[in-house]
Amino acid sequence: MHERALPASPNWYCSRCSDVNRNGVLGFGAKNTVYLVRVTAASAAVIGELSGHTERVSGFAFCQHDGEENVCATSSDDRSVKIWDIEKKAVVAEHTAHQSTITSIHWSPVEKGLVVSGDEKGIVVCFWHGRNDTHSFFPEPRTIFCLACSPHNENHVAVGYKDGMIALIDISKKGDVIHRLRGHDEEIHALVWCPEPKEEDLYSRPEDNTADAANGLAQVGGGYLASGSRDQTVRIWSTARGKGVMTLKLPFLKRRGAGVDPGVKERLWLTVHWPKGRPSQVVSSCFGGELVVWDLTKSGKQKWTLLGSSADGQNHSRIVFNMSSVCVGDRELLISTSMDREIKCWDLASLECCWTLPTLGGFVYSLSFSPVATGCLALGVGDSMIRVWNTLSIHNPYDTKTYWQSIKSKVTALAWHPVKEGSLAFGTDDGKVGIYEVYSNKPPQISSTYHRRTVYSLDWGPPIPPLSFGGSGDKPSYSLYSCGGEGVIFQHDSWKLSEEASNIDKLIRDTNNIKHKLSPHTDLSWKPDGKVLAVGNEDGSIDVYEAPSLKLLCTIQQHHKIINKLRWHHQHSDQPELHCLLASGSSNALVFIHDLRSVIESPSESPVLITEAFRSLSGHTNKITSLAWSPHHDARLVTVCYDGTAQAMFSFTFKQVWDVLKEEPVCNYRGHSGRLLCVQWSPVDPDLVWTGADDFSVQEWAVSKQEHARPPKSRRRVELERKKAPQKKAKKKKKAAGKGGLKTEENESPMGEEEKGGSGVDEVQSDDEGEDEEKENTTVSAITIPAGVSKETTVERCPAEKVQNGGKSFLVIKKEVKEEKKREKPDLSLKKRKPRSMLPLSTSMDHRPKEELQQDCLTLAAVRHAQGESVDCVPGSGEHIQLGLFTDREALCRMFQEEEDSHVEAGHYDSMMYLRLWKGDLIGALRMATEKGELTDHLLSLAPMAGYQVWARTVEAYVKQLCLQEQFLKAASHLVSIHKIYEALILLKAHQFYREAIALAKARLQPDDPALKDLYMSWAAVLEKDGHYTTAAKCYLAADASFDAAKVIAKKGDVMSLKTAANLAKLAGESDLSHSLSLRCAKELMLSQDWLAAQDILRTQDTLLGQRLVLCVSELLTQRLSVTGVVSWNSASSHTWSKPTEEDFLPVVQRVWQSEFGLATGDLDQMKALHQQLRAIENPPATASMPIKQLLTHVAVDVALSVVSQLLGDWGSAVEEVLRAVTRGFEVGHFSLMAEMSQLLLPQGLDSVALCKQRLLQGDERSLVVSQSLEAFVCYQLLYKSWWKHSCGSTVTAHGIECTNGLQTPMENGDTNHETETASQSEAQAAEVVGRSEGFWKVLLSEPHANLQATQRVIKDIQSRVANLVQQHSRHQEPQPSLGTQPQTHSTDLAEEPDSSEGPGDLHNKQSSSPADTETFPVLVAQVGEHQKKLAALPALLKKYPFPDVVECCIVLLYVDKHCGWIPHHLREEATSLLVKYGTTDALHKAWRRFTS
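Residues numbered from 1 in each chain as written. Predicted model: local features only at pLDDT ≥ 70, side-chain atom pairs only at ≥ 80, totals over all residues. Heavy atoms only, no water.

**Brief notes about the environment of Val-1022**
Then comes step 1: Structurally, the position occupied by Val-1022 is in helix α18 (residues 1010-1026).
Then comes step 2: On the basis of relative accessible area, Val-1022 is assigned to the partly exposed category, the value being 25%.
Then comes step 3: Taking the C-alpha atoms as reference points, Val-1022 and Gln-992, separated by 30 residues in sequence, lie 9.0 Å from one another.
Then comes step 4: Not counting residues within four places of it along the chain, the set of residues in contact with Val-1022 comprises Gln-992 and Tyr-994. (Helix = DSSP H or I, 4+ residues; strand = E, 2+ residues; numbered from the N terminus. Buried < 20%, exposed > 50% of the residue type's maximum accessible area, 1.4 Å probe, protein only. Contact = heavy atoms within 4.5 Å.)

Written out as structure tokens, the structure is:
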């Protein structure tokens, strides 16, 4: 186990990814692992890990129940939920019920075995792990961001959603939503319940609590709930009332040196925590990483207190994601995790920071102890930061400083200056080399010379030419050397990094007179005395040079794989023989120790080749990544490897070399969960070693405490080795012929080599086991890239704030990253495959046996040197096709011809065409491509070289090919290129590309070209058919068809469309259409009772004055009728002049016309024109199915015509229009409307009628008949008012009067309210006075009208029986006896009453009692003809105007006489006579008997 460790950073953008149990163990998710940390008030220590998830851990929660403190739950992006025992570090239960990414998890504080989780699709899963039971709920179709189980009710769960809504659900009722808490505008980041169940009064606005407190709700159980949202507010909710009780707005804290913009919401995460035992205090995060405590009972604006305000540097520097609290001893501690990659512990009593635990957000690539500042360990990490850890600090065991300025990439190499304190050189993944002065606040110096690839190695050494030239004061004592992935070593002037660095290869070539290409370099190491430089190469060789000229002393050829690390033995050993030991590690899993003492102390004139190692150290099973000599021992070495172990230090002595030659391992460390990348021996403690790995951690461990001596042998590794063994040669061969074997810095390991490397044991890590690093300008995830492929072209960068540690956030989702990896892997495999050869036949001849290839060389030499002699060989054809490439052009043409034939047979027409192009046969290539349909843009671009005609034909052929491929836009563009504009337009139009066709026509044709208008009209027709009226209108306008444009806009029929269409028609000069559309729009507005808008739309049309006046009358009429209850709807808008007054209606109409519409009543010409306009308005007769609003419109037209006729002095027409207005209600059976219109238009009743009669022309028969009808209807409504006054309400209401003329009486029409509401007391008295007058009854008892109505009833009755006969005949049924009955009976009571032999019904019974079987169709037709003659003989004026039902009035008269007795005797006799004579239907006889018996 390790002594100290820096763990991986907690995952970002998770609502609950850390928690602490009662025993003080903190757990947090980092990547796909959970780290366990022992927490005290003084310090923290990593005690273990939980590994089992395959993807990022998205949630973590401890069980807080007694006896279950060691049980915890985790959720992951692998869609699983696991239950762990942290003592055994094992999974005890799990489920995979989620089908989407899990976003939140919580362990129920009440139910011991319940774990609740939610996912991004809105599914909530309850998991009872004790009985392995899961239930899923879907309360809302929204993305869940967080959830929290109630500590007061085991069934209540609060769920926070992405859209800002919070739902309180009951899991015992299948997830039913109890309350929906709305108030937040953006996603909910955290939910936390108050630890106390009662909702005590908090300080808030008075209106929030007054009403509820009065009702006793302040003490109702449920508990408060706190929520933090991205909208920068914390809200406190009452779950009992389902409402918010307090809103806390985050304060903007301007800290020194931290310019945080509160408006940048992308960097805001607002988490909240409610400490136990503090029901009135809530802790929340703030904009820049600050933590504040809110006192909910405190008044005033500032309810918050800042944590860590006593000193700078205590707060987090970036946003905080999670908080949890625990009581350790007598102190209550708060733990927070942040984007700044620090875990902080706070004392909630003092609000001060107790300690800080740094964490790492990337691979640990490099470790380096300072040779000057003892104990200062520098860490190069893949999160683009350098950390300097003072490992010897007494007060703070994790005293760490972070440096990030100007780095912006993974830090892959570090090297402290040998003598200058605080000077630290670094190299990065993007090839940058710089020097940090760690004890100053200045940004680093950056070398102007960049490596093209990753910097893998840095070392300080003596200057060599050209830096070594000059005096001692003009040059630094040490130069900085860097080795990059492209195989180059640069020497940098540490004093002048801005100057260009020198490549040491030039000096090596010049000094050693080397002409051949040097092998790419992979590592370098200066001997501590600065006299010798060792350089490792890609081919596995090691070159040792003597400084400063870099004369080659020897070459070591022992390794067969890339050299990853070189290290010289330290120089302070008591045995000088050890000073010249060089350790080397490569990808073949072996470490070799080379004794170079003889070579260094006694160099020879020529370089020495060493092929045997002094010591060979075996034990690792994968490539060696780093090694370090112990500064405390002689010849003790520690190595690290990709097998995840530190090969526990080899020990040997010089004596053993000479005497025993023992090589044996001392121990093996297995604490890391990933591949080890770097190692350093403690400069202070000889028992301590530091290692860094790709598990994002640095660990300190003791040699003496390790149990193992060798790494474990994995059966899987053995099997993989056995399976992949035959492939090794092929890989090696591919490497040799491939990319030069450069070091692959893109492989996410600083010591990475080609994937084929190894010592016969392949890596067991998957390719996806890359590094996910988050910081500004870092990669989203690590992707394994083959050697030679530029990383800049394959890996995208992403801002740190949007990427979470572990590779997934709510802003950058790891699912997308994984899909991106899956997409990229096939691409990488395709890149590894060689493209198809253009010359496959000749190429295949180069893969024959070596003997045949050598024979080809002899044959070629014979051909080249034949000098006219005949040779039995034809280069470029047959067996010697491959030789066509090495002889003359004729041979090459023969080879091309055979290759072309081969491509045609294989269907590779593109290759064949390119060969023809190479030969210069452009026309032939184009012809072949045209025939095969294989034309391309590239071939088309070459066509002009063959002439215009060839090019034009090729374009036309390509257009046909593109049309077959349905690439019509591209085809049209090519037609344009040869100036065939009309053909391009036809093509686009034929395939419905109207928009593109119009754009092309507008750009290339004349404005008046008919083709352009045709396109507009065609497109408009299509758009109109599809319902896109607005765009169609634009097309019509563009085609100068304004009439059609207005018509198509009006098709939708809504108010806005009609108004737009009317205005458009007016602008276009289409006045008639504009009038029509304006009128339609006004009618729609009138039906919706929007009077103001209706008048506004008509006001724009000067010729619609008549319509405006009708609209005015309709508005006045509606307002008056709304007072009496006839109109029950409300108006959307109305004019002030339409408000009801006590003034008579018709004078009001005239006054409004004059004042509001400027009507000159004395202008007869204007009145005549207005009368003509009103007459032109369609005003059909009323029907029973006509809506009341439409009916009122027709009444308004009648009233307007009446008023204008009066102004013109035409009283005959005026009275006729009044009659029409009054009787429209009668015609549709609306007695209330008839009565109210009579009251409005004839306020004095019969006196008003009499006044009108005086103004009529003498001898005008038509006017006399009209006035008589009008007088009758006035009497008719007065009759009913008198009857209602003296009738028994129950009798009248129950029975009413039977339908006598096809229309309903007031009672049957439902106007029962008229008994008490319609007529006032004075009106009823007036009706009674009128009713006692004999003239009143004389008007109603009109025998000519009774005769007319009786004849009409008989005709209707016979027609009904004819229709029945026809219907029965069509159904082939026998006729049913129905002669004496109506087709429809309105009163079941009357129909069921038995006929009486007494009374005036005998005459009717005799006339209509003939049996049905004697009645035939001819007989009925004859009867209809007879009655039609009678009807025709009656006067025309009598039939033209309506009149109340005379028989009905007779029945009412007899009823009134029976109950009141003041009807004169002769009137009774006259009414009885009319009933006997004209009451010829069963319904009338039954009504007569009912009301008079």
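Now that the structure has been shown, we can carry on.
**What to know about the pairing of strand β23 (residues 281-285)**
Then comes step 1: Counting buried positions along β23 gives four out of five residues, so the element sits mostly inside the fold.
Then comes step 2: For strand β22 (residues 272-273) and β23, the ladder comprises two bridges, and the chain directions are antiparallel. Directly across from His-273, in β23, lies its bridge partner Val-283. (Pairing = 2+ DSSP bridges.)

**Let's talk about the nonpolar core**
In summary, soluble globular proteins display a tendency toward joint burial of nonpolar side chains.
Then comes step 1: Judged by nonpolar contacts, the single largest core of 97 residues is most densely connected at Phe-1145, Trp-1153, Val-1199, Met-1237 and Leu-1241.
Then comes step 2: Per-element tally for this core: the top contributor is helix α31 (residues 1261-1286), with twelve residues.
Then comes step 3: Apart from the residues within four sequence positions on either side, Val-1199 is in contact with Val-1113, Phe-1145, Leu-1146, Ala-1221, Met-1237 and Leu-1241.
Then comes step 4: Residues Leu-942, Phe-968, Ile-978 and Leu-1098 belong to the second largest nonpolar core, which totals 73 residues. (Core = buried A, V, L, I, M, F, W, Y, C linked by side-chain atoms within 4.5 Å.)

**Comments concerning the sheet that holds strand β21 (residues 243-249)**
Then comes step 1: Read across the open sheet, the four strands follow the order β18-β19-β20-β21; overall the sheet is antiparallel. A strand with exactly one partner marks an edge of an open sheet, and here the two such strands are β18 (188-193) and β21. Here the average twist between neighbouring strands, direction ignored, is 20°.
Then comes step 2: When strand β19 (residues 224-229) meets strand β20 (residues 233-238), the two strands line up antiparallel, connected through five bridges. Among the inter-strand pairings, Ala-226 is bridged to a residue of β20, identified as Ile-236. (Axes fitted to C-alpha atoms, helices over the stretch in contact; angles between N-to-C directions.)

**Here's the deal with the packing of helix α23 (residues 1091-1099) against helix α24 (residues 1105-1124)**
Then comes step 1: Where α23 meets α24, the axes come as close as 10 Å, and the angle between the chain directions of the two elements is 170°. As far as their axial angle goes, α24 and α23 are roughly antiparallel. Contacts from Trp-1091, Ala-1094, Gln-1095, Leu-1098 and Arg-1099 in α23 reach Gln-1107, Arg-1108, Leu-1111, Cys-1112, Ser-1114, Glu-1115 and Thr-1118 in α24.
Then comes step 2: Its residues assigned to classes, the contact of α23 with α24 shows five nonpolar, four polar and three charged. (Parallel < 35°, antiparallel > 145°, perpendicular 65-115°, else oblique. Nonpolar A, V, L, I, M, F, W, Y, C, P; charged D, E, K, R; others polar.)

**Re the packing of aromatic side chains**
Then comes step 1: All chains considered together, the criterion is met by 25 aromatic pairs.
Then comes step 2: Summarising the aromatic geometry, the rings of Trp-12 and Phe-321 are spaced 6.3 Å apart at their centres and angled 20° between planes, so their arrangement reads as stacked. With a gap of 309 residues between them, Trp-12 in the loop between β1 (2-6) and β2 (18-20) and Phe-321 in strand β26 (residues 320-328) connect regions that are remote in the sequence. For the pair shown, Trp-12 and Phe-321 are each scored as buried.
Then comes step 3: Among the aromatic residues, ring-to-ring pairing joins Trp-12, Tyr-13, Phe-145, Trp-269 and Phe-321 into one connected group.
Then comes step 4: Cation over ring: Arg-615 sits above Phe-614, and NZ or CZ is 4.5 Å from the ring centre. (Phe/Tyr/Trp six-rings, centres within 6.5 Å; stacked < 30°, edge-to-face > 60°. Lys NZ or Arg CZ within 6 Å of the ring centre and 35° of its normal.)

**What about the confidence of the model for the protein chain?**
Then comes step 1: Per-chain confidence: the protein chain averages 80 in pLDDT, with 81% of residues scoring 70 or above.
Then comes step 2: Here residues 650-661 scores under 50 on pLDDT; set against residues more than four positions off or in separate chains, the count is 34 contacts.
Then comes step 3: Counting interchain partners and residues more than four positions distant, the pLDDT-below-50 stretch residues 1373-1413 has 47 contacts. (pLDDT = per-residue confidence, 0-100.)

**Concerning the side chain of Ser-586**
Then comes step 1: Along the chain, Ser-586 turns up in strand β47 (residues 581-586).
Then comes step 2: One polar contact links Ser-586 to His-559, side chain to side chain, over a distance of 2.9 Å. (Polar contact = N/O pair within 3.5 Å; in protein donor to acceptor, adjacent residues only side chain to side chain.)

**Let's talk about the sheet that holds strand β8 (residues 81-85)**
Then comes step 1: With respect to topology, four strands assemble into an open sheet ordered β6-β7-β8-β9, the strand pairing being antiparallel. With one partner strand each, in any of the chains shown, β6 (57-62) and β9 (90-95) form the two edges of the open sheet. Across this sheet, the average inter-strand angle for adjacent strands is 25°, counted without regard to direction.
Then comes step 2: Pairing of β8 with β9, which is carried by five bridges, proceeds in the antiparallel orientation. Opposite Val-81, over in β9, you have His-95 as the bridge partner.

**Brief notes about the pairing of strand β42 (residues 521-526)**
Moving residue by residue along a regular strand, the side chains alternate between the two faces of the sheet.
Then comes step 1: Most of β42 sits out of view: six of its six residues are buried.
Then comes step 2: By the bridge criterion, five bridges tie β42 to strand β43 (residues 532-537) in an arrangement that is antiparallel. Within the sheet, the bridge partner assigned to Trp-526 lies in β43 and is Leu-533.
Then comes step 3: Counted along the chain from β42 to the antiparallel partner β43, the turn is five residues long, and its residue Gly-530 has a positive phi close to 75°.

**Here we look at the environment of Arg-318**
Then comes step 1: Relative to the helices and strands, Arg-318 resides in the loop between β25 (304-306) and β26.
Then comes step 2: Residue class for Arg-318 comes out buried when judged on its relative accessible area of 14%.

**Structural notes on α23**
Then comes step 1: Among all positions in α23, only Trp-1091, Ala-1094, Gln-1095, Ile-1097 and Leu-1098 are buried. For α23, the angular spread of the buried residues around the axis is 160°, confining them to a single face.
Then comes step 2: Each element contacted by the buried residues of α23 is listed here: α21 (1055-1067), α22 (1071-1087), α24 and α25 (1145-1157). (Arc of directions from axis to C-beta.)

**Thoughts on the state of the cysteines**
Then comes step 1: Using the criterion set out here, one finds zero disulfides in the structure.
Then comes step 2: With no disulfide of its own, Cys-345 lies closest to Cys-354 among cysteine sulfurs, the gap being 4.3 Å. (Disulfide = S-S within 2.5 Å.)

**Points about unusual backbone geometry**
Then comes step 1: Here the amide bond leading from Pro-465 into Pro-466 is cis, since omega sits at 10°, within 30 degrees of zero.
Then comes step 2: Note that Pro-466 resides in the loop between β38 (455-461) and β39 (479-484).
Then comes step 3: Pro-548 follows Ala-547 through a cis peptide bond whose omega is 0°.
Then comes step 4: The topology assignment puts Pro-548 in the loop between β44 (542-546) and β45 (551-556).
Then comes step 5: You will see that Glu-966, though not glycine, has its phi angle at about 60°, which is positive.
Then comes step 6: Its location among the elements puts Glu-966 in the loop between α14 (948-964) and α15 (968-977).

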